[in-house]
Every structure is written in structure tokens, then in C-alpha cells.
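# Close look at the chain arrangement
Below, each chain spelled out in residue letters.
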Amino acid sequence: MAADAGVDRAYFAKLERQTANAGVDVLDKLARALSVELSEFFVKPTEGATPPAALKGGRKKAG
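Since the model is a prediction, treat every value here as computed from it, not as a measurement. Note that residues are indexed from 1 along each chain, following the sequence as it is written. The predicted nature of this model means local features are confined to residues of pLDDT at least 70 and side-chain atom pairs, given and counted, to a pLDDT of 80 or more, with totals for whole chains, interfaces and linings taken over all residues. No hydrogens and no water enter the side-chain calculation; it runs on all heavy atoms of the structure.

## Notes on the overall build of the protein
Each helix is a run of DSSP H or I of at least 4 residues and each strand a run of E of at least 2, with the numbering of both proceeding from the N terminus. In terms of helices and strands, the protein carries three helices and zero strands. Listing each helix as α and each strand as β along the protein from the N terminus yields α-α-α. For the protein, the spread of C-alpha atoms along the three principal axes comes to 35 × 25 × 20 Å. The cut-offs for exposure are 20% and 50% of the maximum accessible area for each residue type, with area from a 1.4 Å probe on protein chains only; residues under the lower value are buried, those over the upper are exposed, and the others partly exposed. When burial is assessed residue by residue, the protein has 17% of its 63 residues classed as buried. Put simply, 24% of the contacts in the protein that link residues at least 6 apart link residues at least 24 apart. Of the roughly 5700 Å² of accessible surface on the protein, a fraction of 53% belongs to carbon and sulfur atoms. Only four residue types enter the tally: Lys and Arg on the positive side, Asp and Glu on the negative side, with His and both chain ends excluded. A charge is said to be at NZ when it belongs to Lys, at CZ for Arg, at CG for Asp and at CD for Glu. Positive and negative side-chain charges in the protein, numbering 10 and 8 respectively, have mean positions lying 9 Å apart. What makes two residues a contact is simply this: any of their non-hydrogen atoms within 4.5 Å. Note on areas: Shrake-Rupley, 1.4 Å probe, and residue coverage restricted to the protein chains presented here.

In C-alpha cells, the structure reads:
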């Protein structure tokens, strides 16, 4: 994910561990890597909604 977004992987790991905060520029990069609008990060799920599935760990296969 970090590589796809062009974000330093150590910084991305800090975001995952919630020891750093992402600025709008990083959020924009992550949204583009996920092919979603930036605003999707701020949508409150409806009560009782199924949480999203976790992404697979590890790196993508070269191809």
C-alpha cells in the first residue's frame, strides 16, 4: 500500500500504529492508491453496517 501510494513505508507503518497523523497530501495519495475519493475517509458508516474486509498482508507479486 505504501509503495502504491508513494508514501515512505516507515511513515505508513506509523500511520497504521496510530503514532503519526497523516496530512491531506498523504490522505490524497492513499485515496488515489485505493481508487476512492478522499471524502470516503470521512464518511461515517451507518449503524449496523458490516465493517470492510481487511486487506491481505505482504507485497503484491511482481507482474
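## Observations concerning the environment of glycine 23
One can find glycine 23 in the loop between α2 (9–16) and α3 (24–34). The class for glycine 23 is partly exposed, based on a relative accessible area of 29%.

## Some details on the nonpolar core
Here, nonpolar core means buried Ala, Val, Leu, Ile, Met, Phe, Trp, Tyr and Cys residues that are tied together by side-chain atoms lying within 4.5 Å of each other. Ala2, Ala5, Val7, Phe12, Leu15, Ala20, Val26 and Leu30 together form the largest nonpolar core, which totals eight residues. Elements supplying a minimum of two residues to this core: α1 (2–5), α2 and α3. Those residues in contact with leucine 15, other than ones at most four positions away along the chain, are Ala20, Asn21, Ala22 and Val26.

## Digging into the confidence of the model for the protein
In the predicted model, the protein carries a mean pLDDT of 89, and 94% of its residues have values of at least 70. Here α1 stands out as the element of the protein with the lowest mean pLDDT, 92, in contrast to α3, whose mean of 95 is the highest. A score between 0 and 100, pLDDT records how confident the predictor is in each residue.

## Notes on a nonpolar patch on the surface
Patch members must show over 30% relative accessible area and no salt bridge, and they are joined within 9 Å when carrying like charges or within 5 Å when they are nonpolar side chains of Val, Leu, Ile, Met, Phe, Trp or Tyr. Here, a salt bridge means any side-chain nitrogen of Lys or Arg that lies within 4 Å of a carboxyl oxygen of Asp or Glu. The grouping of Met1, Leu34, Val36, Phe41, Phe42 and Leu55 at the surface amounts to a nonpolar patch, some 570 Å² of accessible area in total. Classification of leucine 34 by relative accessible area gives partly exposed; the value is 36%.

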